[in-house]
Amino acid sequence: MHPAPSVIIFTTLSGLGFGLLAFLCLGYPSAGGIVGFIFFAIGFGLAIGGLLSSTFHLGHPERAIKAFSQWKSSWLSREAWLSLFALTLSGIYALGRIFFDIDLTIIGFLSAFFCIATVFATSMIYAQLKTVPRWNSRITPITFLIFSIAGGALLAGQISMALPLLALSGVIQIVSWISGDKAFAKSGTNLATATRLTSNSNEIRSFESPHTGTNYLLQEFAYKVGRKHGAKLRIIGIILAFGMPIIFLSIPFSHLMALLAVISHIVGIFVIRWLFFAQAEHVVGLYYGKR
Amino acid sequence: MTLLPERTEKKLGLVIDLDTCVGCHACVVSCKGWNTENYGAPLSDENAFGANPVGSFLNRIHSYEVSPADKPAHLVHFPKSCLHCENAPCVTVCPTGASYKRVEDGIVLVNESDCIGCGLCAWACPYGAREMDPVEKVMKKCTLCVDRIYNENLPEEDQVPSCVRTCPAGARHFGDLGDPNSDVSILVEERGGTDLMPEQGTLPVNKYLPPRPKNQMDDTDILAPYLEPIADEPDGFFKWLDKTLDGI
């Protein structure tokens, strides 16, 4: 799949932002005043920045409001509603916390729930697609959720929670790569089922493409650039996203180390998210003799 | 509405005969022409006369080489357009309701004025039937020529999809696949029409008729046994040469 920057930025930043907001709304840390303001500003900045970035890949962003209409069937539409609930409720909670130093516990719980639910809806946009076997798995929402929660704990400065969550995220990501690498073959879709011309996919190959140039489908779904560096990038991603932050947080706390941990984590998650798209193979590639 | 209808009154669709298709791409051209000049945003091309032309098409023809172990190899031309699936995954993922499946005839359409161009429907389609128009930035797909098949201003023989009307080989058939007595249903029954990627669970309405079995090579020429030119084992001079060369 084509790793569009807008979608990578969106899933990475929004995941982190909603994770941070969930922790803040549960009172971790329960800071008010200027410190609380800065924490919430970062949370809203990431969440809203990510959501805005996602509109850049739309052909007609001016019609984006229509995306609220089909929540009965569409995860994208559900994500729109859930993010609206999450941002509104955590906005109310943040106002109480920052300006009135009150803890609206129930609203806080609801905000945290909707923050996490938003990340779940985002992950289901990908996990629902049978056409991309690597994504079409329960492990997709699990990785999105654990990344968001671990990143939220890290950004919220909850080091004792962040350490095990980061380690767990790394393990889950590795498991997801191992199972994802087998997913396409396991899905049972191949050029034989795609064309029904033979029952043995070794007996058929694409002889000629419909056209000599490229097209939207190939640009969007048969992205191959950089796949050859996949193994190296996986290691880099795991080290940056989880390994380095765990080391930075394990040595005695300082704000510099915390900042380095956060930066390393964000860059690592970008790498992992890039791979999430770049290594995902869409079944339509089969028709073109590509994966 | 992006919820799929429980059932549709008709299942209009195409039956594509892979035995007859000669791979001329006439259907591609007529499809592009009709759908550029009529309903919806025109099918645009970018850099049409440059080094890297790219454009949106609703119908594309692949060619595949099939080489079975026990039969002669053959080449199959393979037209592919929207299959108007009963369980269309492209419809349910649409966040705006722009994509929908019609109750009256089962045609899957895009309301272009509601399309935000997010591309998710194209991601959800296993067949590559949807393409984002590079200029209009809305999703384009086969309409089954909904602006021809009900258009009483056209002569009756033209009230079929443009690709069907154009095909010089008669490889494309249009009709109601929900009616077991329709010509297309009978054709599918007789020729063993198949669904593409049935494991994807899309329940496509369009069916593909497999190529008829080819003649076997050993049946083709009665003189063949008399023309056996080369002995399996060489003899005479060649036996000597073979042995000598082996020995060197």
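Each chain has its residues counted from 1, following the order in which its sequence is written. Whichever chain is written first becomes A and whichever ligand is written first becomes 1, with later ones labelled in order. Selection of residues for local features in this predicted model requires a pLDDT of at least 70, selection of side-chain atom pairs for listing and counting requires 80 or more, and totals for whole chains, interfaces and linings are taken over all residues.

A.B. asks: When you look at the overall build of chain A in this model, what are you seeing that I'm missing?
C.D. replies: Within chain A, the regular secondary structure consists of 10 helices and 1 strand. Helix and strand assignments come from DSSP, with helices taken as H or I runs of at least 4 residues and strands as E runs of at least 2, each series counted from the N terminus. Traced from its N-terminal end to its C-terminal end, chain A shows the element sequence α-α-α-α-α-α-α-β-α-α-α. The C-alpha radius of gyration computed for chain A amounts to 21 Å, which stays within 12% of the reference 19 Å derived for 291 residues, consistent with globular compactness. With the C-alpha coordinates of chain A rotated into their principal frame, the extents come out at 70 × 45 × 30 Å. Scored against the burial criterion, the 291 residues of chain A give a buried share of 49%. We compute the radius of gyration from the C-alpha atoms alone; for a globule the expected value is 2.2 Å times N to the 0.38, where N is the number of residues. Put plainly, a residue is buried at 20 or more neighbouring C-beta atoms within 10 Å of its own, exposed at 12 or fewer, and partly exposed in between, counting only other residues' C-beta atoms, which are placed from the backbone.

A.B. asks: How do you make sense of the overall build of chain B when you look at a structure like this?
C.D. replies: Check the secondary structure of chain B and you find 7 helices and 11 strands. Computed over the C-alpha atoms, the radius of gyration of chain B is 24 Å, more than 25% above the 18 Å expected from 2.2 N^0.38 for a compact globule of 248 residues. If one aligns the C-alpha atoms of chain B with their principal axes, the spans along those axes are about 85 × 50 × 35 Å. The burial tally for chain B puts 44% of its 248 residues in the buried class. For chain B, contacts bridging at least 24 residues in sequence account for 61% of all contacts bridging at least 6. Contact between two residues is assigned whenever their backbone-derived C-beta positions fall within 7 Å.

A.B. asks: When you look at the interface of chain A and chain B in this model, what are you seeing that I'm missing?
C.D. replies: Between chain A and chain B, the contact holds 44 residues from the first and 52 residues from the second. Among the secondary structure elements, those contributing two or more residues to the side of chain A that touches chain B are α3 (75–99), α7 (191–195), β1 (204–208) and α8 (216–221) of chain A. When residues in the side of chain A that touches chain B are grouped by element, the largest group, 5 residues, is from β1 of chain A. By residue class, the composition of the side of chain A that touches chain B is 17 nonpolar, 18 polar and 9 charged. Two strands form a pair only when DSSP identifies at least two bridges running between them. Sheet analysis places β1 of chain A next to strand β4 (residues 59–66) of chain B, joined by 4 bridges and oriented antiparallel. The residue bridging S206 of chain A from the neighbouring strand is Y64 of chain B, located in β4 of chain B. Only Asp, Glu, Lys and Arg are considered charged in this grouping, and only Ala, Val, Leu, Ile, Met, Phe, Trp, Tyr, Cys and Pro are considered nonpolar; every other residue, Gly among them, is considered polar.

A.B. asks: Just checking my understanding: could you explain the sheet that holds β4 of chain B for this structure?
C.D. replies: By way of backbone hydrogen bonds, the strands of a sheet pair with one another, either parallel or antiparallel. Strand order in this open sheet of 3 strands is β1(A)-β4(B)-β5(B), and the pairing throughout is antiparallel. Of all the strands in the sheet, just β1 of chain A together with β5 (74–81) of chain B have a single pairing partner and so form its edges. Adjacent strand axes in the sheet meet at a mean angle of 40°, parallel and antiparallel pairs treated alike. Contacts between helix α1 (residues 26–37) of chain B and the sheet are confined to β4 and β5 of chain B, with β4 of chain B contributing the most and set at about 165° to the helix. For helices, the fitted line uses only the C-alpha atoms of the stretch in contact; every axis is such a line through C-alpha atoms, and the angle between N-to-C directions lies from 0 to 180 degrees.

A.B. asks: Sorry if this is basic, but what is going on with helix α1 (residues 5–25) of chain A here?
C.D. replies: Each α-helix winds once per 3.6 residues, and so residues spaced three or four apart point in a common direction. Residue and element names in this part refer to chain A. Expected span, for any helix, means 1.5 Å times one less than how many residues it has. A rise of 1.5 Å per residue sets the reference length of α1, with its 21 residues, at 30 Å; its end C-alpha atoms lie 29 Å apart and thus fit the reference within 8%. With 18 of 21 residues buried, α1 lies mostly within the body of the structure. Backbone geometry just downstream of α1 places G27 in the positive-phi region, at approximately 85°.

A.B. asks: Looking at this structure, how should I read the nonpolar core?
C.D. replies: Across soluble globular proteins, nonpolar side chains have a tendency to be buried as a group. Membership of the largest hydrophobic core comes to 147 residues, with the highest contact counts inside it found for L21 and A150 of chain A together with C121 of chain B. It is α1 of chain A that provides the largest number of residues to this core, a total of 12 residues. The contacts of A150 of chain A, once residues within four sequence positions are left out, are A162, L165, L166 and S169 of chain A. Definition of nonpolar core: a set of buried Ala, Val, Leu, Ile, Met, Phe, Trp, Tyr and Cys residues joined via C-beta atoms within 7 Å.

A.B. asks: Would you mind going over the sheet that holds strand β1 (residues 12–17) of chain B with me for this structure?
C.D. replies: Residue and element names in this part refer to chain B. Spatially, β10-β1-β11 is the arrangement adopted by the 3 strands of the open sheet, whose pairing is mixed. One side of each edge strand has no neighbouring strand; the edge strands of this open sheet are β10 (172–176) and β11 (207–209). Mean inter-strand twist for the sheet, computed between neighbouring axes without regard to direction, equals 25°. In terms of strand pairing, β1 meets β10 through 5 bridges, oriented antiparallel. Each residue of the ladder has a partner; that of L12, found in β10, is D176. Strands β1, β10 and β11 of the sheet are contacted by helix α6 (residues 183–191), whose axis makes an angle of about 120° with β10.

A.B. asks: It is not clear to me how helix α10 (residues 255–278) of chain A should be interpreted in this structure. Could you clarify?
C.D. replies: All names here are of chain A. With 24 residues, α10 extends 34 Å from end C-alpha to end C-alpha; this agrees with the ideal 34 Å at 1.5 Å per step. Among the residues of α10, those classed as buried are A261, S264, H265, G268, I269, V271, I272, R273, L275, F276 and A278. Against the buried residues of α10 lie α1, α5 (139–155), α6 (159–187) and α9 (230–250).

A.B. asks: Help me understand the environment of I174 of chain A, please; the structure alone is not making it clear to me.
C.D. replies: Tracing the chain through its elements places I174 of chain A in helix α6. Along the primary structure I174 of chain A and P3 of chain A are separated by 171 residues, whereas in three dimensions their C-alpha atoms are 20 Å apart.

A.B. asks: Quick question: what am I supposed to make of the packing of α1 of chain A against α5 of chain A here?
C.D. replies: For any two helices packed against each other, one specifies the crossing angle of their axes together with the interaxial distance. Residue and element names in this part refer to chain A. Put simply, α1 and α5 touch, their axes get as near as 7 Å, and they point 60° apart. Between α1 and α5, the angle falls in the class oblique. Once α1 is placed against α5, the crossing between them reads as right-handed. Here α1 contributes G15, L16, F18, G19, L20, A22 and F23 to the contact with α5, which in turn contributes F144, F147, S148, I149, G151, G152, A153 and L155. When grouped by side-chain class, the residues that make up the contact of α1 with α5 number 10 nonpolar, 5 polar and no charged. Throughout, the term roughly parallel applies to angles under 35 degrees, roughly antiparallel to angles over 145, roughly perpendicular to angles from 65 to 115, and oblique to all others. Each crossing gets its handedness from the near helix: less than a right angle anticlockwise from the far helix is left-handed, clockwise is right-handed.

A.B. asks: Just checking my understanding: could you explain the environment of I107 of chain A for this structure?
C.D. replies: Note that I107 of chain A resides in helix α4 (residues 105–127). Each C-alpha atom of the pair I107 of chain A and L89 of chain A lies 6.4 Å from the other, and the pair is 18 residues apart in sequence.

A.B. asks: Which parts of the structure should I look at to understand the environment of Q173 of chain A?
C.D. replies: Residues and elements named next belong to chain A. Mapping Q173 onto the fold places it in helix α6. Its 26 C-beta neighbours within 10 Å are what place Q173 among the buried residues. Along the primary structure Q173 and W274 are separated by 101 residues, whereas in three dimensions their C-alpha atoms are 13 Å apart.

A.B. asks: Which parts of the structure should I look at to understand the pairing of β4 of chain B?
C.D. replies: Side-chain direction in a regular strand flips from residue to residue, so the side chains alternate between the two faces of the sheet. Residues and elements named next belong to chain B. Burial analysis of β4 places 6 of its 8 residues in the buried class, the great majority of the element. Across 8 bridges, the pairing between β4 and β5 is antiparallel. Considered in β5, the bridge of N59 is made with S81.

A.B. asks: Can you help me understand the confidence of the model for chain B in this one?
C.D. replies: Note: predicted coordinates in regions of low pLDDT should not be interpreted at a detailed level. Across the chain, each position has a pLDDT score giving the predictor's confidence in that residue, from 0 to 100. Mean pLDDT over chain B: 91, with 94% of residues reaching 70 or higher. Scored as a complex, the prediction yields pTM 0.90 and ipTM 0.91.

A.B. asks: What's the story with unusual backbone geometry in this structure? I'm lost.
C.D. replies: Each neighbour pair has its own omega, and for Y28 of chain A with P29 of chain A the value is -5°, a cis peptide bond. Within the element layout of this structure, P29 of chain A appears in the loop between α1 and α2 (33–55). Although it is not a glycine, R196 of chain A adopts a positive phi angle of roughly 60°. A positive phi angle, close to 55°, is found at L144 of chain B, a residue other than glycine.

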